[in-house]
Amino acid sequence: MAAAAETVFRDYDQADLDRQLNLRARWPEHPQYFQRWAEDSAAVRAGLGGRLDLAYGTTPMETLDLFPAEGVPAAPLLVFIHGGYWQALDKGDYSYMAPAFVERGIAFASLNYGLAPATKIGIMIDQVRRALAWLYRHAGELGVDPARIVVAGHSAGGHLAAMAASTDWMAVAPDLSPDLLAGAVAISGVYDLEPIRLSYHNKVLAIAAGEVAPWSPLHSLPSGPSEEVPRLVVAVGSEETDEFLRQQAEYASAWQGRGLAVREVGMTGLNHFSAVDALADPDHALHAAVQQLLKAG
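Here the structure is a predicted model, which means the values were calculated and not measured.

*Asks:* Would you explain the overall build of the protein in this entry?
*Replies:* On a plain count of helices and strands, the protein comes out with 13 helices and 10 strands. For the protein, the C-alpha radius of gyration of 18 Å lies close to 19 Å, the compact-globule estimate for 297 residues. With the principal axes as the frame, the protein shows a C-alpha extent of 70 × 40 × 35 Å. Expressed as a percentage of the 297 residues in the protein, the buried residues total 58%. Taking the contacts inside the protein whose residues are at least 6 apart along the sequence as the reference set, 76% of them involve residues at least 24 apart.

Encoded structure:
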């Protein structure tokens, strides 16, 4: 009888763990999503315009696209962070979401950040924080209400949005408000980097063992008073892998254990790639939940 394969994380052997995290192999139709997002986004930019490639930092990847809510002098703002396992995709692939928000008086921004292997995840976390701080500081000239900024992200972007939700903004810069974010939304997020470190992805990401805890939302929960912590919404497709379902369950439980506000939105029938579309779907409960965060401030 052949010996059982050695487990590398929880009950997974190496092959099982890699399968749990190989999303493109699990859904081979993923190029169709990428193509639709890119085509629809190009059409939105052509028709809606927007302020493209605004620099929030000094490197070429530290830019964002902003779609203002015309006629609204101090609009709430949704800031979106794209996924791609910290290695791929672009802010421009998600312009297609903008109309669902600007038509309802909500400004929409899509961020870029440095990608692996050129950029480490810790730098990406800092870049997202700088982008949000830049938007907060420039809110007046951008037509944005600084008290109603919500960050959302999908997959790796969900990880980065969750890390932003745990940020001590006064430690970032003394001119920032401790409650800079009114809310945070993570869709199919990664909250524990240990399985990522142990998977095939680490050939590109190069996460060291000592970097897992400080870069993992599950192990970097907000430390400030609850009134300074953004309200959190998390959502994961019912068709996701067991590992993605586990990560959300543990992360939501950890927030609840700290007495912090968190809402889990069901996403029946959605997979890792279809789940993000729900954010801009006016008929989906996730869109409604985000609207509540943005309007409440």
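From this point, the discussion proceeds with the structure in view.
*Asks:* Could you clarify how one ought to interpret the pattern of salt bridges in this entry?
*Replies:* Side chains carrying opposite charge are able to pair once their charged atoms draw close together. Applying the stated criterion across every chain, the model contains 14 salt bridges. Among the salt bridges present, the one from Glu 194 reaches Arg 197, with a minimum N-O distance of 2.8 Å. Of the two residues, Glu 194 and Arg 197 both sit in helix H9 (residues 194-197), three residues apart, roughly one turn of that helix. The partly exposed category is assigned to Glu 194, whose relative accessible area is 21%. Residue Arg 197 is classed as partly exposed on the basis of its relative accessible area of 23%. A cluster of three or more residues bridged by salt bridges with shared partners is formed by Arg 10, Asp 192, Glu 243, Arg 246 and Glu 250.

*Asks:* In this structure, what is going on with the nonpolar core? I would like to understand it.
*Replies:* Of all hydrophobic cores here, the largest spans 108 residues; its most connected members are Trp 86, Phe 101, Leu 279 and Leu 286. A per-element tally of this core places helix H5 (residues 121-137) first, with nine residues.

*Asks:* Explanation requested: the pairing of strand S5 (residues 75-81) in the structure shown.
*Replies:* The side chains of a regular strand alternate between the sheet's two faces. The element S5 is extensively covered by neighbouring structure, given that seven of its seven residues are classed as buried. Pairing analysis gives six bridges linking S5 to strand S7 (residues 144-154), with the strands arranged parallel. Within S7, the residue paired with Phe 80 across the bridge is Ala 152. As defined by bridge partners, S5 adjoins strand S6 (residues 107-111) across five bridges and the pair is classed as parallel.

*Asks:* Please explain the packing of H5 against helix H7 (residues 156-165) as it appears in this structure.
*Replies:* Axis separation between H5 and H7 bottoms out at 10 Å; the angle between their running directions is 65 degrees. Here H5 and H7 pass one another in a crossing that is right-handed. Packed against H5, whose contacting residues are Ile 121, Met 124, Ile 125, Val 128, Arg 129 and Leu 132, the element H7 presents His 159, Leu 160, Met 163 and Ala 164 at the interface. Looking at the contact of H5 with H7 residue by residue, the class counts come to eight nonpolar, one polar and one charged.

Here is what the cut-offs are and how they apply
- Residues numbered from 1 in each chain as written.
- Predicted model: local features only at pLDDT ≥ 70, side-chain atom pairs only at ≥ 80, totals over all residues.
- Heavy atoms only, no water.
- Helix = DSSP H or I, 4+ residues; strand = E, 2+ residues; numbered from the N terminus.
- Rg over C-alpha atoms; globule rule 2.2 N^0.38 Å.
- Buried < 20%, exposed > 50% of the residue type's maximum accessible area, 1.4 Å probe, protein only.
- Contact = heavy atoms within 4.5 Å.
- Salt bridge = Lys/Arg side-chain N within 4 Å of Asp/Glu carboxyl O.
- Core = buried A, V, L, I, M, F, W, Y, C linked by side-chain atoms within 4.5 Å.
- Pairing = 2+ DSSP bridges.
- Axes fitted to C-alpha atoms, helices over the stretch in contact; angles between N-to-C directions.
- Left-handed = near helix turned anticlockwise from the far one by under 90°.
- Nonpolar A, V, L, I, M, F, W, Y, C, P; charged D, E, K, R; others polar.

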